[in-house]
Amino acid sequence: MKIDKYLQEALKQNASDLHFVSGDPVRARIHGGLKHIMDERLGVDTVREAMGEIMDGSAQRAFEQNDAADFAYEIEGVSRFRVNVFRHLNGLGAIFRAIPSEAMSLDDLDMPKVVRTLCRHTQGMILVTGKTGSGKSTTLAAMIDEMNIRMKGHILTIEDPIEFVHSAKGCLISQREVGVHSPNFAAALHSALREDPDVILVGEMRDLETISIAVTAAEMGILVMGTLHTNGAAQTVDRIINSFPADKQSHIRTMISTSLRGVVSQQLLPTKHKPGRAAALEVMINTPAVANLIRQGKLDQLETAIQSGGGVGMKTMDNALMELVDKGWVAGKEAYQQANNKHKFEQVKDIE
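Here the structure is a predicted model, which means the values were calculated and not measured.

1. Description of the sheet that holds strand 8 (residues 154-159)
Strand order in the open sheet made by the 7 strands is 9-8-10-11-7-12-13, with mixed pairing throughout. Sheet topology places strand 9 (172-177) and strand 13 (277-285) at the edges, where each strand pairs with a single neighbour. For this sheet, the mean angle separating the axes of adjacent strands, direction not counted, is 15 degrees. By the bridge criterion, 6 bridges tie strand 8 to strand 9 in an arrangement that is parallel. Bridge pairing in strand 9 links Leu156 to Ser174. Sheet contacts for helix 7 (residues 208-219): strand 7 (124-129), strand 10 (199-202) and strand 11 (223-228); angle to strand 7, the most-contacted strand, approximately 135 degrees.

Given below as structure tokens:
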């Protein structure tokens, strides 16, 4: 396939994404920054032909209908990619997100013990949040892999598209792709409730219906894992509650206060002394104090509860960033840019 040489070159340079956009040179996101990997500008026909080679019938129909499409592409024996194809001013463009052939373990990712502890829950809701490209899917895949090894049960994933392909270890694994195996997340999740799952992974909780069914599933005794594009644990809870009509928010706060198990909010920062990125994790565990604040709607006090919850593994984003600076892994300037309380980082922002 025409695209393969560009993808393989991007992988050689440890890129996370390839930008293949007509009218521009081919670029790759390497350790957080976009760089040219080939200098020639791509022609409209080049991009159209390359995409025509790899888009199946359902992807082509979605593209014709919506002027954009999401699907997965695999170079056999090399890597899988999550692909978004779209129309733009100069023709067509496509973004390829590289997906490792196997999920990394929690140890590989150097995740704190509290994340492994979250994986031991058998019911409720666990959320992994952060902006696009913050490693949410990688963290969730590692958590699913941990459960797959330890449990004897049924893990069902609903994704758009399927990213990490999990092989059965201790568990039966069912993976469904939105647009291929189900029309949308809500329909797949509604069907999943009748498929005897122990764990349901929802690739993205993007609308009210999906969130509502996910909360209900968690209340029914299923472990639901999902992602939201939010920055911080408190904002995540706020987003879920405010997605519901005002007259239902009190009831939802009560449901969340009992079903939520924890929120992991993360971002990636470029490392200081070698190419790569380090993860900063904010962790909120649903302790009785946190549950009480959620139930009463005092979400502005959640950060204080997180700060005082270090004994059970909780940590604010600012504390996580400061730890990376203190360890010498991340430059003070990078931590300052991502911090919530900039004043706290004034003294370290010039540390290289």
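2. Looking at the pattern of salt bridges
The full count for this structure, using the stated rule, is 15 salt bridges. Asp45 is the salt-bridge partner of Arg48, the closest N and O atoms lying 2.7 Å from each other. A residue pair is termed a helical-turn pair when its members lie 3 or 4 positions apart in one helix, as Arg48 and Asp45 do in helix 2 (residues 44-54) at 3 residues. Given a relative accessible area of 48%, Asp45 falls into the partly exposed group. Here Asp160 ties to Arg206 by a salt bridge, and the two come within 3.6 Å at their closest N and O atoms. Separated by 46 residues along the polypeptide, Asp160 in the loop between strand 8 and strand 9 and Arg206 in the loop between strand 10 and helix 7 bring together distant segments of the chain. Looking at Arg206, the relative accessible area reads 45%, which means it is partly exposed. Taken together, the salt bridges that share partners define one network made up of Lys2, Glu49 and Glu53.

3. Brief notes about the nonpolar core
Counting residues in each nonpolar core, the largest one holds 67 residues, and the members touching the most others are Met143, Met225 and Met284. Here this core takes 6 residues from helix 7, the largest share from any one element. For Met143, the contacting residues outside a window of four places in its chain are Leu106, Val115, Leu118, Cys119, Ile126, Val128 and Met225. Among the nonpolar cores identified, the runner-up in size contains 29 residues, and Tyr6, Ala15, Val47 and Tyr73 belong to it.

4. As for the environment of Leu321
Note on placement: Leu321 falls in helix 12 (residues 317-326). Since its relative accessible area comes to 0%, Leu321 is described here as buried. Separated by 13 residues in sequence, Leu321 and Glu334 have C-alpha atoms that sit 9.1 Å apart. With residues up to four places along the chain from it excluded, the contact list for Leu321 reads Gln267, Leu269, Ala280, Ala335, Gln338, Ala339 and Phe345.

5. Let's talk about helix 12
Among the 10 residues that make up helix 12, 7 are buried, leaving the element largely enclosed by the rest of the structure. Along helix 12, the positions that sit buried rather than exposed are Met317, Asp318, Ala320, Leu321, Met322, Leu324 and Val325. Buried residues belonging to helix 12 abut strand 12 (260-270), strand 13 and helix 13 (332-338). Remark: Gly328 follows helix 12 within two positions and exhibits a positive phi of approximately 80 degrees.

6. What about the packing of helix 8 (residues 233-242) against helix 9 (residues 249-259)?
The interhelical angle for the contact between helix 8 and helix 9, taken along N-to-C directions, is 135 degrees, at an axis separation of 9 Å. In terms of axis orientation, helix 8 runs oblique to helix 9. When you trace helix 8 past helix 9, the crossing you get is right-handed. Of the residues in helix 9, those touching helix 8 at Val237, Ile240, Ile241 and Asn242 are Gln249, Ile252, Arg253 and Ile256. Broken down by class, the residue content of the contact of helix 8 with helix 9 amounts to 5 nonpolar, 2 polar and 1 charged.

7. Here we look at empty space enclosed by the protein
Sizing a probe to match a water molecule and rolling it over the atoms shows the empty space that remains. Applying the stated criterion to the full structure yields 1 cavity of 30 Å³ or more. Each pocket or cavity is described by its volume, and for the largest cavity that value is around 40 Å³. Contributing to the lining of the largest cavity are Leu7, Ala10, Leu11, Ala15, Ser16, Asp17, Leu18, Phe81, Phe96 and Ala98. Looking at the lining of the largest cavity, the elements that each hand over two or more residues are helix 1 (4-12), strand 1 (15-21) and strand 6 (91-99). By residue number, the principal contributor to the lining of the largest cavity is strand 1, which donates 4 residues. Per-class residue counts for the lining of the largest cavity are 8 nonpolar, 1 polar and 1 charged.

8. Details of the packing of aromatic side chains
Taken as a whole and assessed by the stated rule, the structure comprises 2 aromatic pairs. Ring geometry for Tyr6 versus Phe20: centroids 5.2 Å apart, planes at 55 degrees, classification tilted. One end of the pair, Tyr6, is in helix 1; the other, Phe20, is in strand 1, with 14 residues separating them in the sequence. With respect to burial, Tyr6 and Phe20 carry one shared label: buried. The interplanar angle of 85 degrees and the centroid separation of 6.3 Å between the aromatic rings of Phe81 and Phe96 together place this pair among those described as edge-to-face. With Phe81 in strand 5 (residues 79-88) and Phe96 in strand 6, the pair connects residues that are 15 residues apart, well separated along the chain. Per residue, the accessibility class of Phe81 equals that of Phe96, and both read buried. When the ring centre of Trp329 is taken as origin, the NZ or CZ atom of Lys327, which lies over that ring, is 4.7 Å away. A cation over an aromatic ring shows up here: Lys342 above the ring of Tyr336, its NZ or CZ 5.3 Å from the ring centre.

Conventions and cut-offs
- Residues numbered from 1 in each chain as written.
- Predicted model: local features only at pLDDT ≥ 70, side-chain atom pairs only at ≥ 80, totals over all residues.
- Heavy atoms only, no water.
- Pairing = 2+ DSSP bridges.
- Helix = DSSP H or I, 4+ residues; strand = E, 2+ residues; numbered from the N terminus.
- Axes fitted to C-alpha atoms, helices over the stretch in contact; angles between N-to-C directions.
- Contact = heavy atoms within 4.5 Å.
- Salt bridge = Lys/Arg side-chain N within 4 Å of Asp/Glu carboxyl O.
- Buried < 20%, exposed > 50% of the residue type's maximum accessible area, 1.4 Å probe, protein only.
- Core = buried A, V, L, I, M, F, W, Y, C linked by side-chain atoms within 4.5 Å.
- Parallel < 35°, antiparallel > 145°, perpendicular 65-115°, else oblique.
- Left-handed = near helix turned anticlockwise from the far one by under 90°.
- Nonpolar A, V, L, I, M, F, W, Y, C, P; charged D, E, K, R; others polar.
- 1 Å grid on protein atoms, 1.4 Å probe; cavity = no way out; pocket = protein on both sides within 12 Å on 5 of 7 lines; lining within 4 Å.
- Points joined across faces, edges and corners; volume = space filled by probe spheres on them.
- Phe/Tyr/Trp six-rings, centres within 6.5 Å; stacked < 30°, edge-to-face > 60°.
- Lys NZ or Arg CZ within 6 Å of the ring centre and 35° of its normal.

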